[in-house]
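Structural overview
For reference, the chains in residue letters:
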Amino acid sequence: MPYVAAVDQGTTSTRAMIFDHSGRVVSSEQREHEQIFPQAGWVEHNAGEIWENTRRVTADALAKADLRGSDIVAVGVTNQRETTLVWDRTTGEPVHNAIVWQDTRTNKIIEELGALGGGQERYRAKTGLPLATYFSGPKIKWILDNVDGARERAEAGELLFGNMDTWLLWNMTGGTDGGVHVTDPTNASRTLLMDLDTLNWDAGIASDMGIPESMLPEIRSSSEEYGQVRERGVLAGVPIAGILGDQQAATFGQACLSPGEAKNTYGTGNFVLLNTGTEKVMSENGLLTTVCYKIGSNETVYALEGAIAVTGALVQWLRDNLGMISTAGEIEALAGTVEDNGGAYFVPAFSGLFAPYWRSDARGAILGLTRFVNKGHLARAVLEATAYQTREVIEAMNADSGVPLKSLKVDGGMVVNELLMQFQADILGVPVIRPVVSETTALGSAYAAGLATGFWKSEDDIRNNWAQDHEWTPDMAESRRDALYRQWKKAVTKTFDWVE
Ligand SMILES: Nc1ncnc2c1ncn2[C@@H]1O[C@H](COP(=O)(O)OP(=O)(O)O)[C@@H](O)[C@H]1O
Ligand SMILES: O=P(O)(O)OC[C@H](O)CO
């Protein structure tokens, strides 16, 4: 029986998954990679380690299901977006570690770009994004400005830029021996360098950032054959036929294929995406306008996105930096030892605040502490922070679209946490729905690859494969919901204006 494989290169780990025609997971393997924090506010990944992990999980996932490359008809790639790598096209060596989306080192570059003609408004209008440290373009500029000789080498055409999709595809298709240098519009729409209407690189912006266009990958669609796996590995000869940024992939995998449908993925951060169809809605409430997907030569589908930098990462912080829990899963039992947050609120503005605030001057804070507050309350405050931040971006989405969301489809690593899911439904006041396959990110990129190669015939196959696992319905008095949320909003304002 034929299958489709997906590589999901996430912020904390890399997964390989194999799906059958019904969208069921046949095999899955995962490896974490090192999170490198060279100084406060900086986050890096070793791109060589990520490529090595990709090869290993792919081989392991096949072996686990006793499959061979010849059983796989197509591969899809999905990735943490914005994370920026520059490498030498002749040696294949990165000139610097990958700079991760959460990294805030480009603060000064952002201010300088904002002071040029057009300022913030120019970027919003062209790219759908605010000028913020989150996105790739300024990270490329930082590398060219700070790595010895990088700018000269880039101008001589020796260096290539890519997000993790591009890096993996280049390596999978042969690397220095004919690797293809491509990306898709969902990833390109997160660079601050792509024109959202034409889906081409914007020459004026690239020039203002001092980025030679020869470094930039070709922008193809999200679903087409880009090349074949050339590596002498397990998937040699298999076409690579799907690329989607991970949040857009989850939207696709959740079958949010019609305007008005939305999903929320709970991983390192949270990302709510609302499909707005072929209409590009510009947010007036702090959301991003982004490409949702472009399937082959079909019209481009756009989305509104509420990107939240820190949700699951706060659970990791409690585990790794404070040692209060030894696994992420333990937080649920600890939070369950108390009835409520005991008055404590944790605003995890570790990378400033993303949507809907875009405040790079904010930093994290725990508020409302008294001698009453114990570990259980803090664990609860950590989980509640995810739910409050989600409500903030959904309120912004409701205001932008004019149509209140009636229910929320969820996925990602945190949605196994039942206490969080119930609290999310309570604080939103709408049902929260988890699908059977919660690995929707990998599934979405598998769908993109399988559609391009005829394994799946149409988007109806995707709709038909989606199935509900569990629904949480709101069970909290409105007065309590409002009181908790009001206090949260007050806590958020206390984190502003911290960085001098
Ligand atoms: N039971 C749990 N309760 C709360 N958070 C969890 C739980 N299990 C995992 N997490 C969090 O989920 C995140 C991992 O989710 P995942 O979707 O794999 O992330 P990513 O794609 O960003 O690498 C981690 O930040 C982890 O702290
Ligand atoms: O790897 P994730 O799931 O944390 O997703 C990261 C996002 O793509 C960042 O924009």
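Quick caveat, the model's predicted, so the values are computed rather than measured.

The buried fraction of helix α13 (residues 418-428) amounts to nine of the eleven residues, a majority that puts the element mostly inside the structure. The set of residues buried in α13 consists of L419, L420, M421, F423, Q424, A425, D426, I427 and L428. With a side-chain oxygen positioned 3.3 Å from the backbone nitrogen of L419, the residue opening α13 is N417. Among the residues trailing α13, G429 stands out with phi positive, at a value near 80°.

Now for the site of ligand 1. Near ligand 1, the surroundings consist of 17 residues, among which T12, R15, T268, G312 and G413 are the closest. A distance of 2.5 Å is found between an oxygen atom of ligand 1 and a side-chain nitrogen or oxygen belonging to T12. Side-chain polar atom of T268 to an oxygen atom of ligand 1: 2.5 Å apart, as the coordinates give it. Compared with its free state, where it exposes 590 Å², ligand 1 has 85% of that area covered by protein.

Here, UniProt's "binding site: sn-glycerol 3-phosphate" (unreviewed entry) annotation points to T11, R81, E82, Y134 and D246. Within the secondary structure layout, E82 lies in the loop between β5 (72-79) and β6 (85-88). Those residues within four positions of E82 in sequence are excluded, and the remaining contacts are I99, W101, Y134, F135, S136, K139, N163 and R190. Here Y134 lies in the loop between α3 (119-127) and α4 (136-146). Excluding residues within four positions of it along the chain, Y134 makes contact with R81, E82, W101, K139, R190, F271, L288, E305, A307, F354 and W358. A polar side-chain atom of Y134 sits 3.3 Å from a polar atom in the side chain of R81.

An ideal rise of 1.5 Å per residue puts 39 Å on 27 residues; helix α12 (residues 375-401) measures up with 40 Å between its terminal C-alpha atoms. The axis of α12 is deflected most strongly, by about 25°, at E384. Along α12, 22 of the 27 residues are buried, which leaves the element largely enclosed by surrounding structure. For α12, the capping residue at the N-terminal end is N374, with a side-chain oxygen 2.9 Å from the backbone nitrogen of G376. Residue G402 follows α12 closely and has a positive phi angle near 75°.

How each quantity is defined
- Residues numbered from 1 in each chain as written.
- Chains lettered and ligands numbered in written order.
- Predicted model: local features only at pLDDT ≥ 70, side-chain atom pairs only at ≥ 80, totals over all residues.
- Heavy atoms only, no water.
- Buried < 20%, exposed > 50% of the residue type's maximum accessible area, 1.4 Å probe, protein only.
- Helix = DSSP H or I, 4+ residues; strand = E, 2+ residues; numbered from the N terminus.
- Polar contact = N/O pair within 3.5 Å; in protein donor to acceptor, adjacent residues only side chain to side chain.
- Near = heavy atom within 4 Å.
- Areas by Shrake-Rupley, 256 points an atom, 1.4 Å probe, with all protein chains shown as cover.
- UniProt positions renumbered as here; feature names shortened; annotations may be inferred.
- Contact = heavy atoms within 4.5 Å.
- Expected span 1.5 Å × (residues − 1).
- Bend = angle between axes of the 7 residues up to and from the residue.

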